[in-house]
Amino acid sequence: SGWWKAVEPAPKDPILGVTEAFLADTDPNKVNVGVGAYRDDQGKPVVLQSVREAERRILGKENMEYLPMGGSVKMVEESIKLAYGENADVLKDKRVAAVQALSGTGACRLFAEFQKRFRPESQIYIPVPTWANHHNIWRDANVPQRTFHYYHPETRGLDFASLMDDVKNAPNGSFFLLHACAHNPTGVDPTEEQWKEISYQFKVKNHYPFFDMAYQGFASGDTDRDAKAIRIFLEDGHQIACAQSFAKNMGLYGQRVGCLSVICDDAKQAVAVKSQLQQIARPMYSNPPVHGALLVYSILSDPDLKALWHKEVKVMADRIIGMREALRGNLENLGSPLSWNHVTDQIGMFCYSGMTPEQVDRLTSEFHIYLTRNGRISMAGVTTGNVEYLANAIHEVTK
Ligand code: PLP
């Protein structure tokens, strides 16, 4: 006995803590805008029709065999077409090494391990702020972290000048983590012009762009438009890597289906890189789960199901955009003297409201509204039924 005497409880995950506190609250007006998962206008989780139909088609036909270490080859092919574009040269040239991953998190982790193994002296530049798990992922892969400027608190927009300075001042050949669209937690994305400038400067500096694309389709409702940053970097001839997740855009959160792709010099190198990615996966989890991959493949490979899915992605994105307008409109109607333009300027699942931790505490204690203390509002939790209540509470605590 006594083997684990020294083990202290790990600190609570701030987001999961918010959900726990929300569930324990018995107030009928309680609102959860902490969770990063889509909800419909009734506040309910959604299973997409395209996913239901794919399930119906699969039912009874699926075998339960292991997938290869790199996962479903068919799913991966469809996935990289979605990211890079059907007709991308890198696909024709078979220059993309890609494997199925355990959703976006697993794709990031595989890349971090790959980076450590083959570029052991490298570091990763991470935006401030970012999805908190990025820090954990590269920490556990033993890759030293640096940060670069991203968000500008005063304007609640992009700090483009400082971002570009950091890109210029980083040592040549640095690794950078970029959110492809719908930046989490800020909802602030560079414009197309800004992406072009970033891409240009990356070329000048020979930096390595790693894209985390957890929300393709979720920002604008259009999967091609949301992949614009990636396409710009491709056009400029960068060798990028990309982590894809089907958690948000297909609502497959718990199925853990995603993809990691790494663009290589040629087909031969792609084969080598893929084999090494598989080698990294093998002692961690052997091979990825089969069901979610089959759903994704069924949807992306069937023109009708794919069209239905595109429609459903747009419905989700549009509902969120509509709620942004409603939240801002309500705050302005209440006579708030503050500017709430950022609520509609920001994009994707989150609104980085600019509220202080103390204001957030008041939202929770006085109004039973739950969110993380950084003021991040999950727009997916906002509905026509609670938007007025939410706006009123925000107005009260920011007066
Ligand atoms: N990357 C970002 C920026 C995210 O916001 C998320 C989810 O919140 C993920 C990756 C990964 O999510 P998952 O592992 O569920 O695909």
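All values derive from a computational prediction rather than experimental measurement. (Residues numbered from 1 in each chain as written. Predicted model: local features only at pLDDT ≥ 70, side-chain atom pairs only at ≥ 80, totals over all residues.)

Trainee: Could you clarify how one ought to interpret the overall build of the protein in this entry?
Mentor: Secondary structure assignment for the protein yields 16 helices and 13 strands. The C-alpha atoms of the protein give a radius of gyration of 21 Å, which matches the 21 Å a tight globule of 399 residues would have. Along the first, second and third principal axes, the C-alpha atoms of the protein reach 60 × 60 × 55 Å. Expressed as a percentage of its 399 residues, the buried residues of the protein come to 47%. Within the protein, contacts between residues at least 6 apart in sequence are counted, and of these 77% link residues at least 24 apart. (Helix = DSSP H or I, 4+ residues; strand = E, 2+ residues; numbered from the N terminus. Rg over C-alpha atoms; globule rule 2.2 N^0.38 Å. Buried ≥ 20, exposed ≤ 12 C-beta atoms within 10 Å, placed from the backbone. Contact = placed C-beta atoms within 7 Å.)

Trainee: What should I look at first to understand the site of the ligand in this one?
Mentor: The environment of the ligand is formed by 13 residues, the closest being Ser103, Gly104, Thr105, Ala214 and Ser245. With three residues, the top contributor of residues to the shell around the ligand is helix H5 (residues 103-118). Taken together, the residues of the shell around the ligand break down into four nonpolar, eight polar and one charged. (Near = placed C-beta within 6 Å. Nonpolar A, V, L, I, M, F, W, Y, C, P; charged D, E, K, R; others polar.)

Trainee: How should the sheet that holds strand S10 (residues 258-263) be read in this particular structure?
Mentor: What holds strands together in a sheet is hydrogen bonding between their backbones, with the strands either parallel or antiparallel. What the seven strands build is an open sheet, ordered S2-S10-S9-S8-S7-S3-S4; its pairing is mixed. Two strands lie at the open edges of the sheet, namely strand S2 (96-101) and strand S4 (145-149), each paired on one side alone. Averaged over all pairs of adjacent strands, the angle between strand axes in this sheet comes to 25 degrees, irrespective of strand direction. Pairing between strand S9 (residues 241-245) and S10: five bridges, direction antiparallel. Bridge assignment links Gln244 to a residue of S10, and that residue is Cys259. Strands S2 and S10 of the sheet are contacted by helix H11 (residues 267-285), whose axis makes an angle of about 20 degrees with S2. (Pairing = 2+ DSSP bridges. Axes fitted to C-alpha atoms, helices over the stretch in contact; angles between N-to-C directions.)

Trainee: What am I meant to see in the UniProt feature "domain: Aminotransferase class I/classII large" (unreviewed entry) in the protein here?
Mentor: UniProt records the feature "domain: Aminotransferase class I/classII large" (unreviewed entry) for residues 29-394 in the present numbering. Between the first and last C-alpha atoms of residues 29-394 the distance is 15 Å; the span itself is 47% helix and 14% strand. (UniProt positions renumbered as here; feature names shortened; annotations may be inferred.)

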